[in-house]
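The residues making up each chain are set out below.
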Amino acid sequence: HMRKTVDLAKAAGVKVGDPILGVDIQDVLDRVESIGWVESAVVERRLPDHLHIDIQERQAAAIWQKDHEFVLVDIDGNIIGTEGLDRYRHLKVVVGDGAPEKTAELVSLLEREPMLNSRIVAAVWVANRRWNLRLDNGIDVRLPEDNPGEALQRLGQLERDHRLLARDIAAIDLRQSDRLIVRMTEEAAERKRAHKDET
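Read on for an overview of the structure. Starting afresh in each chain, residues are numbered from 1 along the sequence in its written order. Restriction of local features to residues with pLDDT of at least 70 applies here, the model being predicted, together with a cutoff of 80 or more for giving and counting side-chain atom pairs; totals for whole chains, interfaces and linings are based on all residues. Note that water and hydrogens are dropped before the side-chain values are worked out from all heavy atoms of the structure.

## Notes on the overall build of the chain
Part 1 of the argument: Here a helix means four or more residues in a row that DSSP labels H or I, a strand means two or more in a row labelled E, and each is numbered from the N terminus. Along the backbone of the chain there are six helices and eleven strands.
Part 2 of the argument: By principal-axis analysis of the C-alpha atoms, the chain measures approximately 90 × 30 × 30 Å.
Part 3 of the argument: Within the chain, the proportion of its 199 residues that are buried is 36%.
Part 4 of the argument: When contacts within the chain are restricted to residue pairs at least 6 apart in sequence, long-range pairs at least 24 apart make up 40% of them.
Part 5 of the argument: About 12,600 Å² of surface is accessible on the chain, with carbon and sulfur atoms providing 49% of the total. The buried label applies to any residue whose accessible area, calculated with a 1.4 Å probe on protein chains only, is under 20% of its type's maximum; exposed applies above 50%, and partly exposed to all values in between. For this analysis, residues touch if any pair of their heavy atoms sits within 4.5 Å. Here the Shrake-Rupley method, with its probe set to 1.4 Å, supplies the accessible areas, and only the displayed protein chains count as covering residues.

In structure tokens form, the structure reads like this:
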């Protein structure tokens, strides 16, 4: 956390030897709270010569991909920054305008299906309305705008009963509540066609 200490000292803009009563506490607070990973801070003068800064840190909840850049965001969609991205490779990548603000919603949606949750690597917020999920084996799952939780539960049940996700599937469309639309991978579709021609 040496880097964070340096960031803080720089933001505070106060040097050793500066007269303690000349320090503008509100100014220091504003500057410290402008750091991405700082959620809130308390700045106090401790006479004769100390400035005490207490920090509440933001916790990274997802990685937001915007254009070709990746930044850490917290559960409320606040941007933390790029510092230490490598340590957070386990987090889901959220993609699309407005995706960070939907992070809390996505996290609680996925927590209801832990088995699927562990296999989802990315989530794309589509047209400001609904999620497309990307699984670790490349399958795309299209969730509906209404009742995405119900759709995800349906997929979880199908996986438990039929091992659906182990098949040669490119995409699963759950946008219609009464049916499931599955698109096979090109190779699987090719095999099926070849098999059909033989029979």
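## Details of the pattern of salt bridges
Part 1 of the argument: For this document, the term salt bridge refers to a Lys or Arg side-chain nitrogen within 4 Å of an Asp or Glu carboxyl oxygen. Counted under the stated rule, the structure contains 15 salt bridges.
Part 2 of the argument: Residue R46 is joined to E44 by a salt bridge in which the shortest nitrogen-to-oxygen separation is 3.1 Å.
Part 3 of the argument: On the basis of relative accessible area, R46 is assigned to the partly exposed category, the value being 41%.
Part 4 of the argument: The salt bridge involving K66 is made with D97; its shortest N-O contact spans 3.6 Å. Placement of the pair is K66 in strand β3 (residues 60-66) and D97 in the loop between β6 (93-95) and α3 (103-111), with a sequence separation of 31 residues.
Part 5 of the argument: Taking relative accessible area as the criterion, K66 reaches 35% and is therefore assigned partly exposed.
Part 6 of the argument: A residue is classified by how much of its surface remains accessible, and D97, at 56% relative accessible area, is exposed.

## What about unusual backbone geometry?
Part 1 of the argument: Omega for the bond connecting L47 with P48 falls within 30 degrees of zero, at 10°, which places this linkage in the cis form.
Part 2 of the argument: Its location among the elements puts P48 in the loop between β1 (38-46) and β2 (50-57).
Part 3 of the argument: Positive phi, normally seen in glycine, also occurs at N128, with a value near 55°.
Part 4 of the argument: Inspection of the secondary structure puts N128 in the loop between β7 (120-126) and β8 (130-135).

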